[in-house]
Amino acid sequence: MAETEPYPPIDPTNFDLIVIGTGLPESIIAAAASTAGKSVLHLDPNPHYGSHYSSLSLLELTSFLTSQTLNPQNSGTEDAPDHTTAVNVITRTIYSDIEICCYDDSVTEHSRKLNLDVAGPRVLFCADAAVDLLLKSSANQYVEFKNIDASYVCDGNGELGHLEAVRAGDSGGDDGRIVSDEDLDSPFGLFLEKIKLPPKIKSIILYAIAMVDYDQDAESCKDVLSTRDGINRLALYHSSVGRFPNALGALIYPLYGQGELPQAFCRRAAVKGCLYVLRMPVISFLLNKDSWDYKGVKLISGQEITSNKLVVDPSFILTSSPSESVHDVSKVFDAGRVSGKLARCICITKGSIKPDTSSCLVIYPPRSLYPDQATSIRVLQLGSSLGVCPSGMFVFYISAVCDNALEGKKALHAVIDSLFSVHTSGTAESSPTDQIESTEVKPTLLWSALYMQDVIEGSMGRVVMTPTPDGNLNYNDLVHTTSKLFQKLYPDDEFFPETSNTETSEKLEDDSEVGIES
């Protein structure tokens, strides 16, 4: 039996920036820094790109969710040469309450044909910040998209109503209406009532277009959307419809999964000189003994690499020994605040929820499935035309913000019970390419994974930490946060500078610059 290959030495051993983790925010920062002329080393302990934003095979996904200790090291510190202290790094649990069920063993035979998003459901609005960033950074040349065929909203009686898209140039009405400052600062739900919209239309606007999470009619709503922000979200949706000729609606999805997005920025960074090393865990951070200033990292191979700055994904935390105070460690590394929880679910089925529909988004507004449903639940169906599963199978992503696992799992199971029937040994077999002929026939559930994810905010200290995936459907907030982190790292450098005065504006105006399959 051949011996395991030793870890390769890295040369050079000093960089302007080291980035640990190849998730989307880390990959954007690496690409931006490389574009700004910085020398960047991009490491990942995993054998694949994407970290918490990756698209994985069925077996890889199971392994990723259940493996929580990539670097099981002793806690505390150890002395290193040249007045340096090595503070050990450990990984923390981000995913919990994992339930994986296989109802049909044949699914595992297709493991490598499945590209499953860890952080689904996710889509891009055609006019959102992520699309503009892909164009500005030139990462768009490494990823292609396909439009989402349809959107549906549950009406409270279990019926899914089709959400019609209106092109930006096709809408009528009084576009010149001025909203007062008082109304702009008021809750959006109250404003929609003030202009006398019917409850059904109000619900569609709030939860299927503005994509609000929490029940805006609740007396103690945790996150009230202002009219100003609501109008901005409507404008994003409105301007997304018809932006690209081949995308009939507002939403697009990357071919082969969301994991293609961080890989696109990694490829862009590599073109600009960034050095990539996968399967390379970092076991400790190197700090100055006296000032506790960051100096570098120690790899599992034993090699020490120095850099001026360090960016890490939210999996990592520093340990402290009894001789060190938590305050000392926090001066170097802010572990990021856990701001909430997300309930996520991935389902693999035979059959679509609607005949002749490959991909669609389904919104369950608050209280549409059960009386105490406090948040909106989002479901994304994807078929084989998007390169994420074999023909005849469909991948579903379900998510909801929640306070705890009990509340989150209740929401997920309510959707599963509403949409799917469970495969049994007596279920009649049909051709893999058969579509559901009746809207009353539910898709057959073949496999599912339910799990909770901590939402961890990014932090800016001597070591920069990126955020985990949030509960949003798109990447607007993440792009904004990542831009701010980069600007704090390099305040004198532009976030993806334009190579000429007209190049970026021409790209943004040229719809053909984003590859969208018909």
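Analysis parameters
Residues numbered from 1 in each chain as written. Predicted model: local features only at pLDDT ≥ 70, side-chain atom pairs only at ≥ 80, totals over all residues. Heavy atoms only, no water. Helix = DSSP H or I, 4+ residues; strand = E, 2+ residues; numbered from the N terminus. Expected span 1.5 Å × (residues − 1). Buried < 20%, exposed > 50% of the residue type's maximum accessible area, 1.4 Å probe, protein only. Arc of directions from axis to C-beta. Contact = heavy atoms within 4.5 Å. Axes fitted to C-alpha atoms, helices over the stretch in contact; angles between N-to-C directions. Parallel < 35°, antiparallel > 145°, perpendicular 65-115°, else oblique. Nonpolar A, V, L, I, M, F, W, Y, C, P; charged D, E, K, R; others polar. Phe/Tyr/Trp six-rings, centres within 6.5 Å; stacked < 30°, edge-to-face > 60°.

**Considerations on helix H11 (residues 476-489)**
Between its first and last C-alpha, H11 extends 20 Å over 14 residues, near the 20 Å set by a 1.5 Å rise per residue. Along H11, the residues that are buried comprise Leu478, Val479, Thr482, Ser483, Leu485, Phe486 and Leu489. For H11, the buried positions fall inside an angular range of 160° around the axis, keeping them on one side. Summarising the geometry of H11, the exposed residues directed more than 90 degrees from the buried face are His480 and Lys488. In this fold, the buried residues of H11 make contact with helix H1 (24-35), helix H3 (129-137), strand E16 (304-312), strand E24 (459-460) and strand E25 (464-465).

**Regarding the packing of helix H6 (residues 199-209) against helix H7 (residues 227-240)**
At their nearest, the axes of H6 and H7 sit 10 Å apart, and the two run at 75° to each other. Accordingly, the angle class assigned to the pair H6 and H7 is roughly perpendicular. Along its contact with H6, which presents Ile205, Ala208 and Ile209, the element H7 presents Arg233, Leu234 and Tyr237. For the contact of H6 with H7, the class distribution of residues is five nonpolar, no polar and one charged.

**Side note on unusual backbone geometry**
For the peptide bond that leads from Asp11 to Pro12, omega is 5°, which places it in the cis range. Tracing the backbone through its elements, the reader meets Pro12 in the segment before strand E1 (14-20). A cis geometry characterises the amide bond from Gly120 onward to Pro121, with omega recorded as 0°. Non-glycine residue Asp97 carries a positive phi angle of around 50°. Tracing the backbone shows Asp97 in strand E6 (residues 95-102). The phi dihedral of Arg367 falls on the positive side, at around 65°, and the residue is not glycine. Look at Arg367 and you get partly exposed, because its relative accessible area is 45%.

**Things to note about the environment of Pro366**
Structurally, Pro366 is set in the loop between strand E19 (360-364) and strand E20 (377-382). Spatially, the C-alpha atom of Pro366 lies 8.4 Å from that of Asp213, the residues being 153 residues apart in sequence. Once residues within four sequence positions are removed from consideration, Pro366 is found in contact with Tyr207, Asp213, Tyr214, Asp215, Gln373, Ala374, Thr375 and Ser376.

**Considering the packing of aromatic side chains**
Within the structure shown, the criterion is met by 10 aromatic pairs. Aromatic side chains Tyr95 and Tyr451 sit 5.8 Å apart centroid to centroid with 80° between the ring planes, which places their arrangement in the edge-to-face category. Pair noted here: Tyr95 is in strand E6 and Tyr451 is in strand E23 (residues 444-456), with a separation of 356 residues, a long-range link. Residue Tyr451 is classed as buried on the basis of its relative accessible area of 0%. Put simply, the rings of Phe265, Phe486, Tyr490, Phe495 and Phe496 pair up and form one aromatic cluster.

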